[in-house]
Every structure is written in C-alpha cells, then in structure tokens.
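# Structural overview for review
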Amino acid sequence: MTSSQTSDVIRPRVSVITAVHNQCAMNQLFWTYLQKYTKNTFELIVIDNASTDQSASFFESVGAIVIRNPQNYSYPYSQNQGIARARGEYFAFINNDVIVSPDWDQHLIDSMAINGLDAVTACGIERVESATVTKQLKRRWQGIKNILGLLRYPAFEKKILNLMHYWMYRGKWVSFCHQRYIKFTHQVCEGFVGNTVMLTQKLLNLIGPWDERVQAADFDLYLRTKIRSMSDGDIKPLHIALDVYTHHYIRLTSKTKYPPFADQKNLISIEKKWTAQELSLLSKIES
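Residues numbered from 1 in each chain as written. Predicted model: local features only at pLDDT ≥ 70, side-chain atom pairs only at ≥ 80, totals over all residues. Heavy atoms only, no water.

### Notes on the overall build of the protein
A tally of regular secondary structure across the protein gives eleven helices and ten strands. In terms of overall size, the protein behaves like a compact globule, its C-alpha atoms giving a radius of gyration of 18 Å where 287 residues would be expected to give roughly 19 Å. Each principal axis of the C-alpha distribution contributes one length, and for the protein these read about 55 × 40 × 40 Å. Of all 287 residues assigned to the protein, the portion counted as buried reaches 55%. (Helix = DSSP H or I, 4+ residues; strand = E, 2+ residues; numbered from the N terminus. Rg over C-alpha atoms; globule rule 2.2 N^0.38 Å. Buried < 20%, exposed > 50% of the residue type's maximum accessible area, 1.4 Å probe, protein only.)

Printed below as a string of structure tokens:
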C-alpha cells in the first residue's frame with residue numbers, strides 16, 4: 001500500500017509533511033507525482049495556512065491529514081505541527097511546489113543507510129554535482145519561466161505547470177532521473193537543497209525539531225547538524241543525495257502575496273542566532 005490512506009494499524013514508513021497556502025493547481029500536481037512515485041507506505045500531513053481556495057478540501061479528499069490553521073504561520077512552526085502528528089519512521093519535509101522522482105523516498109533511505117546519515121536532501125536545479133551543471137540547469141529553467149511563467153491564467157494553470165516541467169526535461173522526466181541515479185548511485189556531498197529534506201527520528205531526538213524562531217530553516221538545520229557533528233560526533237552534517245533529483249518550481253507559484261506570518265514577532269534572522277564564525281561554515285559548502 002503506497003498511498004496516504006493507510007490503516008491505523010499499519011505504521012507508514014514515511015511521513016511526508018508539507019505546508020500550503022492556496023496554489024490548488026500546484027497542490028494537485030504535487031499529489032499526482034507524490035502518490036505515483038513514492039515507493040514506501042506513507043502518510044501525507046498537510047498544514048494548510050488559511051487557504052482561501054480549495055487546497056485544504058482537495059488534500060482531505062485524497063486522504064491526507066490536514067491541519068487547518070486560521071492564519072498563515074512560518075515554515076518551521078508549520079513543520080513542527082506536522083511532526084507532532086507524524087507516525088512514520090522517516091520524516092520528509094517537502095515544499096508543495098515540487099515534483100518528486102520515481103522511488104525518491106527509497107533512494108533517500110538507501111543513501112542515508114549506506115552513508116551513515118540522519119539528515120539528507122535531494123538535489124535539484126538549485127544545486128547538483130558541480131557549479132557548471134547547476135548553472136546550465138538554472139539557465140534552462142529561467143528561460144522556460146520567462147516564456148511560460150507569465151501565463152498565469154487560473155483555468156489553465158495546471159496545464160501550464162505541467163508544460164513547463166515537460167519542456168525542462170524534454171518530456172523525459174523518468175529517464176532523466178534514472179540516468180542520474182545510475183551515474184551517482186549513493187553518492188553524496190555535504191550541503192543542502194532545502195525543498196526536499198528527510199530526517200530520522202534519531203536526529204530529531206538528538207537536536208530537537210525545527211527552531212521556530214528561524215524562517216531560514218534549511219540553513220539553520222545545516223548549522224545545527226554541522227556543529228553537532230563537530231562537538232559530539234554522533235551524527236553527520238546535512239548532505240545532498242546526488243542520485244535523487246526533485247524538480248522545484250522555485251518561487252514561481254508564490255507570486256501571490258502571502259498573508260503576514262501570525263508568529264512573525266517570534267522570528268529572528270539567522271545572523272541573530274549564529275556567530276560570524278559559525279555562519280562561515282555555510283560558505284564552505286557553496287558549489
């Protein structure tokens with residue numbers, strides 16, 4: 001059974017947690033690929049931050065656990081709401097404007113086991129194996145966004161999003177992802193691409209959930225794992241699995257203005273939390 005509609009008796013292997021505010025067309029696309037390409041039993045936990053469209057109802061209709069917030073909350077606050085409801089062995093935090101690749105979950109789990117990791121992200125347009133290839137992907141995606149990203153007619157939005165994805169990978173999404181898997185099987189590099197993050201229960205037990213003060217949550221997670229690895233040595237820093245690729249629309253779907261965060265007064269910048277010396281660790285992982 002590989003849908004989110006798992007029996008209460010069956011513990012899902014993966015808890016997929018995502019936060020949304022509107023973007024129903026994108027949410028439908030996200031779900032289409034998630035249920036098609038997730039190999040393990042999984043539950044989908046959606047934190048709906050005061051959507052005014054049919055997003056919450058759509059996710060409920062496909063069997064997801066939907067937490068309906070009356071206001072818009074920050075990323076870390078929302079993800080922690082999901083953790084509180086999750087029953088899985090692994091916790092996958094995925095942006096709703098992502099298309100996953102075939103067997104993405106099992107490939108990440110395999111990579112974690114082989115490389116001794118408790119925190120891993122997929123690679124994608126934002127970062128792959130080299131600066132040169134990353135630049136090529138970014139340039140191609142920017143060109144497609146320039147052509148089709150302006151066509152935001154609500155009645156056709158899902159078709160346009162699908163078309164953009166089709167053009168980006170020349171209609172060969174499955175073979176593109178498979179070729180990357182074959183080429184980079186179980187290869188990782190230190191760093192992160194924050195749209196698809198998988199954590200183990202062990203990691204959450206050691207460092208705790210997301211820091212609800214820091215909206216730049218992927219940067220914060222990397223620093224927390226990096227410094228823990230240096231001080232205690234019981235975990236490794238956050239790594240990127242080069243054999244697992246997810247497509248991220250990268251803010252294309254966020255042109256609509258979001259309501260202000262209900263917890264805005266609790267948020268601090270990452271510079272307020274970490275020292276200059278600690279922040280310098282980030283520069284060492286840039287491609």
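Here the narrative resumes, following the displayed structure.
### Let's talk about the packing of helix α1 (residues 24–37) against helix α6 (residues 157–168)
Taken N-terminus to C-terminus, the directions of α1 and α6 make an angle of 50 degrees; their axes are 8 Å apart at the nearest point. If you check the angle between α1 and α6, you find them oblique. For α1 against α6, the interelement crossing comes out right-handed. Here A25, M26, Q28, L29, T32 and Y33 of α1 come into contact with α6, specifically with E157, K158, L161, N162 and H165. In terms of residue class, the contact of α1 with α6 is built from five nonpolar, four polar and two charged. (Axes fitted to C-alpha atoms, helices over the stretch in contact; angles between N-to-C directions. Parallel < 35°, antiparallel > 145°, perpendicular 65-115°, else oblique. Left-handed = near helix turned anticlockwise from the far one by under 90°. Contact = heavy atoms within 4.5 Å. Nonpolar A, V, L, I, M, F, W, Y, C, P; charged D, E, K, R; others polar.)

### Observations concerning the pattern of salt bridges
Tallied over the entire structure, the rule returns ten salt bridges. The salt bridge involving R87 is made with E43; its shortest N-O contact spans 3.1 Å. Taken together, the residues R87 in the loop between α3 (75–85) and β4 (90–94) and E43 in strand β2 (residues 42–49) connect sequence positions 44 residues apart. With relative accessibility at 29%, the residue R87 sits in the partly exposed group. Close ionic contact of K273 with D220 constitutes a salt bridge, the shortest N to O distance being 2.9 Å. Highlighted residues: K273 in helix α10 (residues 270–273) and D220 in helix α9 (residues 217–231), separated in sequence by 53 residues. The exposure class of K273 is partly exposed, given its relative accessible area of 24%. (Salt bridge = Lys/Arg side-chain N within 4 Å of Asp/Glu carboxyl O.)

### Here we look at unusual backbone geometry
Leaving glycine aside, a negative phi is the common case for residues, and trans is the common case for peptide bonds. The residue N22 is not glycine, and still its phi comes out positive at about 60 degrees. Along the chain, N22 turns up in the loop between β1 (14–20) and α1. What makes N22 buried here is its relative accessible area of 14%.

### Quick notes on the confidence of the model for the protein
Close inspection of predicted coordinates is inappropriate for parts of the model with low pLDDT. Model confidence for the protein is summarised by a mean pLDDT of 93, while 92% of its residues fall at 70 or above. Confidence drops under a pLDDT of 50 for residues 1–7, and excluding neighbours within four residues, the segment shows 22 contacts in the predicted structure. (pLDDT = per-residue confidence, 0-100.)

### Some thoughts on α6
Under the 1.5 Å per step criterion, the end-to-end length of α6 is 17 Å for twelve residues, consistent within 8% with the ideal 16 Å. Regarding α6, the residues found buried are E157, I160, L161, M164, H165 and M168. Burial along α6 is one-sided: seen end-on, the buried residues are contained in an arc of 135 degrees. Those residues of α6 that are buried are in contact with α1, β5 (98–99), α5 (131–148), α7 (173–184) and β10 (247–248). A positive phi of about 55 degrees marks R170, the residue just after α6. (Expected span 1.5 Å × (residues − 1). Arc of directions from axis to C-beta.)

### Thoughts on the pairing of β1
Of all seven residues in β1, six are buried, a share of seventy percent or more. As paired elements, β1 and β2 share seven bridges and run parallel to each other. Bridge pairing in β2 links A19 to I47. With respect to chirality, the unit in which β1 leads through α1 into the neighbouring parallel β2 is right-handed. With four bridges joining them, β1 and β4 adopt parallel strand pairing. For V16, the partnering residue across the bridge sits in β4 and is A92. (Pairing = 2+ DSSP bridges. Right-handed = clockwise from strand over helix to strand, strands pointing away.)

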